[in-house]
Amino acid sequence: MSLRLGDPAPNFKAKTTKGEIDFYEYLGDGWGILFSHPADFTPVCTTELGKTAHLMEEFARRNVKVMAVSVDPLDKHFQWVGDINETQHCTVDFPIIADDDRQVATLYDMIHPNASATATVRSLFVIGPDKTVKLMITYPASTGRNFNEVLRVVDSLQLTAKYSLATPADWQQGEDVIVVPAVSTEDAEKRFGTLEIVKPYLRYTKVPKQ
Ligand code: BEZ
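About the cut-offs
- Residues numbered from 1 in each chain as written.
- Predicted model: local features only at pLDDT ≥ 70, side-chain atom pairs only at ≥ 80, totals over all residues.
- Heavy atoms only, no water.
- Helix = DSSP H or I, 4+ residues; strand = E, 2+ residues; numbered from the N terminus.
- Buried < 20%, exposed > 50% of the residue type's maximum accessible area, 1.4 Å probe, protein only.
- Areas by Shrake-Rupley, 256 points an atom, 1.4 Å probe, with all protein chains shown as cover.
- Near = heavy atom within 4 Å.
- Polar contact = N/O pair within 3.5 Å; in protein donor to acceptor, adjacent residues only side chain to side chain.
- Nonpolar A, V, L, I, M, F, W, Y, C, P; charged D, E, K, R; others polar.
- Pairing = 2+ DSSP bridges.
- Phe/Tyr/Trp six-rings, centres within 6.5 Å; stacked < 30°, edge-to-face > 60°.
- Lys NZ or Arg CZ within 6 Å of the ring centre and 35° of its normal.
- Core = buried A, V, L, I, M, F, W, Y, C linked by side-chain atoms within 4.5 Å.
- Contact = heavy atoms within 4.5 Å.
- Expected span 1.5 Å × (residues − 1).

## Focus on the overall build of the protein chain
Looking only at helices and strands, the protein chain has seven helices and eleven strands in total. Its C-alpha atoms put the protein chain at 60 × 40 × 30 Å along the principal axes. Within the protein chain, the proportion of its 210 residues that are buried is 47%. Of the roughly 10,700 Å² of accessible surface on the protein chain, 53% is carried by carbon and sulfur atoms.

Okay, here's the thing in structure tokens:
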């Protein structure tokens, strides 16, 4: 059965470009992103892994560890990383799983037979420190993901985890956030200070100072 939000993220041991890795050990107490790509030596995937490499400082700042996966073998991954580094002007330093036995693809339901019988789709999972699934997105092979959007979602998830606040449509860092319905106005004012109450169910506040 496929995973759903809130489900435990399955653990696994896999061979990667950084050696054999136990996923939970790799994540430690922090956040994680596991994302699949259809195949090595393909154009969209090359740009996606390059973009991820460029954003590693941003992921680290948010205490997020990143791991990529495709069903290609390790020797192909190593050759392809050379191409990614060359063409995307980066250094790919995060592990890429060689999932040639499809262990991870199966655990995370990354092969969608009506899209492709063999290749993984562009799945991306954000996993919280409690090892549950916080976000899932699935793109087709032909559309590269927006990794700045992934960072934006991580910011929102981390805000929710810390303060029980939510974020409105198109929210960006620095903009006002929403008090979740489960928190009373009285409690919210104690915790966050002044609210802008547009409707009883639509209440904005500033992001608390970190
Ligand atoms: C790509 O990564 O460029 C790609 C992979 C599979 C199908 C289409 C595009």
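From this point on, the discussion continues.
## Things to note about the site of the ligand
Near the ligand you find Thr42, Pro43, Val44, Cys45, Arg122 and Ala141, and these make up its full shell. At a separation of 2.9 Å, an oxygen atom of the ligand approaches a polar side-chain atom of arginine 122. Relative to its unbound accessible surface of 260 Å², the ligand loses 71% to contact with the protein. Broken down by element, the residue count for the shell around the ligand peaks at three residues, all from helix α2 (residues 43–54). Of the residues assigned to the shell around the ligand, the class counts are four nonpolar, one polar and one charged.

## Remarks on the sheet that holds strand β9 (residues 177–179)
Within a sheet, neighbouring strands are paired by backbone hydrogen bonds and run either parallel or antiparallel to one another. The strand order across the open sheet built from four strands is β8-β9-β11-β10, with neighbouring strands paired in antiparallel fashion. Both outer strands of the open sheet, β8 (165–166) and β10 (196–199), are each paired with one neighbouring strand and no more. In this structure, β8 lies alongside β9, joined through two bridges in antiparallel fashion. Looking at β9, one finds that alanine 166 is bridged to isoleucine 178.

## Focus: the packing of aromatic side chains
Summed over all chains, the structure comprises five aromatic pairs. Measuring from centroid to centroid gives 4.6 Å for phenylalanine 12 and phenylalanine 23, while their planes differ by 15°, and the two rings are stacked. Of this pair, phenylalanine 12 sits in the segment before β1 (13–16) while phenylalanine 23 sits in helix α1 (residues 23–27), and the two are eleven residues apart along the sequence. Residues phenylalanine 12 and phenylalanine 23 agree in their burial class; the two are buried. In this structure an aromatic cluster arises from ring pairing among Phe12, Phe23, Tyr108 and Phe125. It is lysine 65 that lies over the ring of tyrosine 26; its NZ or CZ is 5.4 Å from the centre.

## A word on the nonpolar core
Ile33, Phe35 and Phe94 are the most contacted members of the largest nonpolar core, which has 27 residues in total. Put simply, the parts of the chain that give this core at least two residues each are β3 (31–36), α2, β4 (64–70), α4 (74–88), β6 (122–127) and α6 (147–163). Per-element tally for this core: the top contributor is α6, with six residues. Discounting residues that sit within four places of it in the chain, isoleucine 33 has contacts with Phe59, Val64, Lys65, Val66, Met67, Leu124, Phe125, Val126, Val150 and Val154.

## Focus on the pairing of β6
Looking along a regular strand, one sees side chains alternate from face to face of the sheet. Taking burial as the measure, the six residues of β6 include six buried ones, the bulk of the element. Alternating positions in β6 separate into two faces, Arg122, Leu124 and Val126 on one and Ser123, Phe125 and Ile127 on the other, with burial throughout. Where β3 meets β6, four bridges bridge the pair, whose relative direction is antiparallel. Residue pairing in the sheet places isoleucine 33 in a bridge with valine 126 of β6. Direction of pairing for β6 relative to strand β7 (residues 133–139): antiparallel, over a ladder of six bridges. Across the sheet, isoleucine 127 pairs through a bridge with valine 133, a residue of β7. In this antiparallel pair of consecutive strands, β6 and β7, the connection spans five residues, and lysine 131 shows a positive phi of 65°.

## Concerning α2
Spacing of three or four residues puts side chains on the same side of an α-helix, whose turn is 3.6 residues. In a regular helix each residue adds 1.5 Å, so twelve residues correspond to 16 Å; α2 covers 17 Å between its end C-alpha atoms and thus fits that length. The set of residues buried in α2 consists of Cys45, Thr46, Glu48, Leu49, Gly50, Thr52 and Ala53.

## Regarding the environment of asparagine 146
Structurally, the position occupied by asparagine 146 is in the loop between β7 and α6. According to the relative accessible area criterion, asparagine 146 is partly exposed, its value standing at 42%. Separated by 142 residues in the primary sequence, asparagine 146 and arginine 4 place their C-alpha atoms 22 Å from one another. Side-chain polar atoms of asparagine 146 contact the backbone nitrogen of asparagine 148, separated by 3.0 Å.

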